[in-house]
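If you want the building blocks of each chain, they are given just below.
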Amino acid sequence: MNVTLNNGLSMPQLGFGVFKVEDGQVAVDAVKKAIEVGYRSIDTAAIYQNEKGVGQGIRESGVAREDLFITTKVWNSNQGYEQTLQAFDESLEKLGLEYIDLYLVHWPMPKDDTYIDTYKALEKLYEDGKVKAIGVCNFKIAHLERLLQECKIPPVLNQVELHPYYAQVELREFCAKHNIFVEAWAPLMQGGDVLTNEQITSLAQKYKKTPAQIIIRWHLQNNIIVIPKSSNPTRIEENIGVFDFELTTEDMAQIDALNKNERIGPDPDEFHVK
């Protein structure tokens, strides 16, 4: 299942995340397994320190590069115009690829006030054909409003914390209005309480699916791009087994009603870790 981004590029709606997946053979094996069972989108980042293993897994997968969609991100310590261009080259070298499909600003870090210059470097990479699309992560509405005002190329997506307990309804509405996709990180609340929620486990029994599969399906039906992560081969395969059923409108509403506006990650206005 693919979505079409605002620049016309097609992207798988369900991808594979590698946050906290150890570099080296663990990353290589996880990426190869993901591609083997059908994932075609892989999401990494400079700060994950596994771009090398991810790149090796891609090369060893046997799937043509043009059939894969690879995302990486510029870390906070490399923000700024020139630093971002240099960080991109380093990521490209570690991945061993000739281009990146999607390059993202990892955090806005508003107190440093560098995200506009950083994003302008992404625009340059896009114009030079080194990336096929550009976007952001963890941007609140105020950050996006400024970006849309001061930059030329609108982001294709905003990757944010999003799960049934933190549904980001207002941000999703803003992004939809501006033709920006929302992509969920921690879509399963990083294995948190939502997986044992009574409504979720009841729906899992009803559909003969895992709680994780129910939540991933909820994301997909809400038009959210989703990137569950795992290094467990069984879970990697389970998480993609979500295209043979559909939640009813009532079931979707039941999950929507679980929203508590409860973050597990940091507030983007306060997060300035480098």
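For the structure itself, look to the data block above.
Figured I'd write up the structure that's included with this text. (Residues numbered from 1 in each chain as written. Predicted model: local features only at pLDDT ≥ 70, side-chain atom pairs only at ≥ 80, totals over all residues. Heavy atoms only, no water.)

**Regarding the overall build of the protein chain**
Thinking step 1. Tallying secondary structure elements over the protein chain gives 10 helices and 10 strands in all.
Thinking step 2. Over its C-alpha trace the protein chain gives a radius of gyration of 18 Å, about what one expects of a compact globule, namely 19 Å for 274 residues.
Thinking step 3. Put simply, the protein chain has 274 residues, and 55% of those count as buried.
Thinking step 4. Accessible surface, the protein chain: about 11,900 Å² in total, of which carbon and sulfur atoms supply 45%.
Thinking step 5. Charged side chains of the protein chain number 28 positive and 40 negative; the gap between the two group centres comes to 1 Å. (Helix = DSSP H or I, 4+ residues; strand = E, 2+ residues; numbered from the N terminus. Rg over C-alpha atoms; globule rule 2.2 N^0.38 Å. Buried < 20%, exposed > 50% of the residue type's maximum accessible area, 1.4 Å probe, protein only. Areas by Shrake-Rupley, 256 points an atom, 1.4 Å probe, with all protein chains shown as cover. Lys, Arg positive; Asp, Glu negative; His and termini not counted. Charge placed at Lys NZ, Arg CZ, Asp CG, Glu CD.)

**Considering unusual backbone geometry**
Thinking step 1. In the Ramachandran plot, Gln168 falls in the positive-phi region, its phi being about 55 degrees despite a non-glycine side chain.
Thinking step 2. Following the sequence through the fold, Gln168 ends up in the loop between β8 (157-161) and α6 (169-177).
Thinking step 3. For Gln168, a relative accessible area of 13% translates into the label buried.

**Some thoughts on the packing of helix α7 (residues 198-207) against helix α10 (residues 249-256)**
Thinking step 1. Contact pair α7 / α10: the axes reach a minimum separation of 10 Å and the direction vectors enclose 155 degrees. By the angle between their directions, the pair α7 and α10 is classed as roughly antiparallel. As α7 packs across α10, the resulting crossing turns out to be left-handed. Residues Gln199, Ile200, Leu203, Lys206 and Tyr207 of α7 touch α10, and the partners they reach there are Asp251, Gln254 and Ile255.
Thinking step 2. By residue class, the composition of the contact of α7 with α10 is four nonpolar, two polar and two charged. (Axes fitted to C-alpha atoms, helices over the stretch in contact; angles between N-to-C directions. Parallel < 35°, antiparallel > 145°, perpendicular 65-115°, else oblique. Left-handed = near helix turned anticlockwise from the far one by under 90°. Contact = heavy atoms within 4.5 Å. Nonpolar A, V, L, I, M, F, W, Y, C, P; charged D, E, K, R; others polar.)

**Some words on the sheet that holds strand β9 (residues 181-185)**
Thinking step 1. Pairing within the open sheet is parallel, and its eight strands lie in the order β3-β4-β5-β6-β7-β8-β9-β10. On the outer flanks of this sheet lie β3 (16-17) and β10 (225-226), each paired with one strand and no other. (Pairing = 2+ DSSP bridges.)

**Observations regarding the side chain of Asn158**
Thinking step 1. Considering the arrangement of structural elements, one finds Asn158 in strand β8.
Thinking step 2. Within the structure, Asn158 has its side chain in polar contact with the backbone nitrogen of Asn138 (distance 3.5 Å).
Thinking step 3. At 2.8 Å, the side chain of Asn158 and the backbone oxygen of Phe139 are in polar contact.
Thinking step 4. Beyond its immediate chain neighbours, meaning those up to four positions away, Asn158 contacts Val136, Cys137, Asn138, Phe139, Leu144, Leu171, Cys175, Ile180, Phe181, Val182 and Glu183. (Polar contact = N/O pair within 3.5 Å; in protein donor to acceptor, adjacent residues only side chain to side chain.)

**Considering the pattern of salt bridges**
Thinking step 1. For the coordinates displayed, the defined rule picks out 15 salt bridges.
Thinking step 2. Two residues, Lys140 and Asp267, come together in a salt bridge whose shortest N-O distance is 2.9 Å. Linking Lys140 in the loop between β7 (131-137) and α5 (141-150) with Asp267 in the segment after α10, this pair joins segments that are 127 residues apart in sequence.
Thinking step 3. Take Lys140: its relative accessible area is 24%, and that puts it in the partly exposed class.
Thinking step 4. Classification of Asp267 by relative accessible area gives partly exposed; the value is 26%.
Thinking step 5. Several salt bridges share partner residues, and in doing so they unite Lys33, Glu36 and Glu237 into one network. (Salt bridge = Lys/Arg side-chain N within 4 Å of Asp/Glu carboxyl O.)

**Section: the pairing of β7**
Thinking step 1. Most of β7 is tucked away, with six of its seven residues classed as buried.
Thinking step 2. Sheet topology note: the strand β6 (residues 100-105)/β7 ladder contains five bridges and is parallel. Within β7, the position partnered with Leu102 by the bridge is Ala133.
Thinking step 3. Read as a crossover between parallel neighbours, the route from β6 over helix α4 (residues 115-127) to β7 is right-handed.
Thinking step 4. Summarising the sheet, β7 and β8 pair through two bridges and their orientation is parallel. Residue pairing across strands places Cys137 opposite Gln159, the latter belonging to β8.
Thinking step 5. In this view, the connection linking β7 to its parallel neighbour β8 by way of α5 has right-handed handedness. (Right-handed = clockwise from strand over helix to strand, strands pointing away.)

These values are about where atoms sit, not about what they do.
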